[in-house]
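The residues making up each chain are set out below.
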Amino acid sequence: PSAVVPFSPEQAKQHQQAWADYLGMPVEWRNSLGMEFVLIPPGEYLMGSSPEEQSRFLEEAKAVGDRWAVERIPTEGPAHPVKITRPFYLGKHEVTQTQWEGAMGHNPSSFRDPTGPVQNVSWHDARMYTERLNGVSALRGRYASTPLDVSGMTYTLPTEAQWEYACRAGTTTAFCFGDSEDTLGEYAWHAANSGQTTHAVGQLKPNAWALYDMHGNVWEWCADWDAADCYVRSPRIDPGGPPTGSTRIFRSGSWGHYSCAARSAFRRSLSPDFRYHSLGVRVALVFDRESGNGKHTQRR
């Protein structure tokens, strides 16, 4: 069955394993560039934040002078039910500089660290990266002794709905671990603990799906266009954002932003051409809807 939020970390792992068994695929695997992926099962959750959460963090943002957060927090509502009908794989980590250079041949990052997240990546750059991955036949994947043939699957950017569902990992709270900011530093590199720089991926605690740095380190581009009323008009089933727009969504907060921006529901958008030293990417691998892999692609 679908994973219906809320559920515990133990239940999250049970859902992952049950779907891996059903699909005949591993829960975790890595491709030949060393990119590790985690299986995210289909599920249902409430996307966005409550009026109470918005009010609380709006006051915090005003207190610290976080203008961007003050502008963006109202776009987190209304909270609305979403159903993700197909399983997908999501990068266990943000794309590292080594992984980026392996496919693109250059490293655009300001903070240089082979194991750190790539930065200065525009939305167009991120999409080009996924296209390069799709064009490399060697990326058939491996995890321990379990091979994974990715024919019938496509590397892409996650939709905003997929990203938030994966970030929450069964929770309804402000962060994947609860509502308190006191322990955020155990999960996220943000303004209070980053030293104003990025850090190697996977150094802090993961969420219940075993995804690292979903809060903080670098912002992560999503596939969606943004629009002022997109949450009002959003369909319940597999939303993919507005059909057109001028800015693209990114999520997760970063090393240079306050804790309110690292929340599961916080969302921002910029021109798809924009590059900055806190903008990076996390890649998804989705089952092609038209592929012949019957039970891999059917809705639940």
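Residues numbered from 1 in each chain as written. Predicted model: local features only at pLDDT ≥ 70, side-chain atom pairs only at ≥ 80, totals over all residues. Heavy atoms only, no water.

A. Geometry of the overall build of the protein chain. Assigned secondary structure in the protein chain consists of eight helices and 14 strands. Whereas a compact globule of 300 residues would reach a radius of gyration of roughly 19 Å, the protein chain reaches 18 Å, a difference of no more than 12%. Along the longest, intermediate and shortest principal axes, the C-alpha atoms of the protein chain span 50 × 40 × 35 Å. Across the 300 residues that make up the protein chain, the buried fraction comes to 55%. The contacts in the protein chain between residues at least 6 apart in sequence include a share of 75% that link residues at least 24 apart. With the model as given, the accessible surface of the protein chain reaches about 12,000 Å², and the carbon-plus-sulfur share is 52%. Computed over 29 positive and 33 negative side-chain charges, the inter-centroid distance for the protein chain is 5 Å. (Helix = DSSP H or I, 4+ residues; strand = E, 2+ residues; numbered from the N terminus. Rg over C-alpha atoms; globule rule 2.2 N^0.38 Å. Buried < 20%, exposed > 50% of the residue type's maximum accessible area, 1.4 Å probe, protein only. Contact = heavy atoms within 4.5 Å. Areas by Shrake-Rupley, 256 points an atom, 1.4 Å probe, with all protein chains shown as cover. Lys, Arg positive; Asp, Glu negative; His and termini not counted. Charge placed at Lys NZ, Arg CZ, Asp CG, Glu CD.)

B. Structural view of the side chain of His93. By the element assignment, His93 lies in the loop between strand E6 (88-91) and helix H4 (97-104). Residue class for His93 comes out buried when judged on its relative accessible area of 18%.

C. A look at helix H2 (residues 51-64). In a regular helix each residue adds 1.5 Å, so 14 residues correspond to 20 Å; H2 covers 20 Å between its end C-alpha atoms and thus fits that length. Those residues of H2 not exposed but buried are Glu53, Gln54, Phe57 and Ala61. In a view along the axis of H2, the buried residues occupy a sector of 95°, so they form one face of it. Seen from the open side of H2, the exposed residues pointing more than 90 degrees away from its buried face are Pro51, Glu52 and Ala63. Contacts made by the buried residues of H2 are with helix H3 (67-72). Just beyond H2, the residue with positive phi is Gly65, at close to 75°. (Expected span 1.5 Å × (residues − 1). Arc of directions from axis to C-beta.)

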